[in-house]
Amino acid sequence: MISDKLNKQEVLVMDAVYEMAAGKEKFLVAPYELLSMLPARSKIDEEKLEKILKDLELDGYFDLIQSTRKGEKMYVISMKSEGVNYKRTDYQRKRSVYFRWGVVAIGAVISALIGIIIRVIVG
């Protein structure tokens, strides 16, 4: 499900970053490792990945430092509280949406029943 703040591609990348973090606050990851965790249909290349990571950094999910290891581009990612709580916040948002849908459905059923009762009384 899409977050209130993030678009579909940002959600995919944030899910991959969260999974790579595996509970650690700081970790080192290569772009190809993150790209390998994304579905092929996402059409995110290395350049787009870098832009999305910078956007997520600006949104306060983590600090991002670009580095090289043996000539290979690497990212040092330090999770912030927003990033550490990403899954919990997403779960709470989903639960809130489901609750709202439930209230709407119950309201629709009650409205339909009231309409039927009025037709029976009047007609």
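Details of the structure are given in the entry above.
Residues numbered from 1 in each chain as written. Predicted model: local features only at pLDDT ≥ 70, side-chain atom pairs only at ≥ 80, totals over all residues. Heavy atoms only, no water.

Visitor: How would you summarise the environment of Gly83 if you had to cite specific residues and measurements?
Guide: Relative to the helices and strands, Gly83 is located in helix H4 (residues 81-84). Once you skip the residues sitting within four places of it in the chain, Gly83 turns out to touch Met14, Tyr18, Gly60 and Tyr61. (Helix = DSSP H or I, 4+ residues; strand = E, 2+ residues; numbered from the N terminus. Contact = heavy atoms within 4.5 Å.)

Visitor: Please give an account of the nonpolar core that cites residues and values.
Guide: Core analysis: the largest hydrophobic core is formed by 23 residues, its most contacted members being Val13, Val17, Leu53, Phe62 and Ile77. In terms of residue count, the dominant contributor to this core is helix H1 (residues 8-21) (six residues). When sequence neighbours within four positions are dropped, the list of residues in contact with Leu53 reads Val13, Val17, Leu34, Phe62, Leu64 and Tyr75. (Core = buried A, V, L, I, M, F, W, Y, C linked by side-chain atoms within 4.5 Å. Buried < 20%, exposed > 50% of the residue type's maximum accessible area, 1.4 Å probe, protein only.)

Visitor: How would you sum up the pairing of strand E1 (residues 26-29)? Please name residues and give values.
Guide: Of the two faces of E1, only the one carrying Phe27 and Val29 is buried; Lys26 and Leu28 on the other face are not. Note that E1 and strand E3 (residues 72-79) share four bridges and pair antiparallel. Pairing of Phe27 across the sheet is with Ile77, part of E3. (Pairing = 2+ DSSP bridges.)

Visitor: How would you summarise unusual backbone geometry if you had to cite specific residues and measurements?
Guide: The phi torsion at Ala22 lies on the positive side, around 45°, for a residue other than glycine. In this structure, Lys43 takes a positive phi of about 55° despite not being glycine. Take Lys43: it is sitting in the loop between helix H2 (31-37) and helix H3 (46-58). Judged by relative accessible area, which is 71%, Lys43 ranks as exposed.

Functional significance is not addressed by these values, which are geometric in nature.
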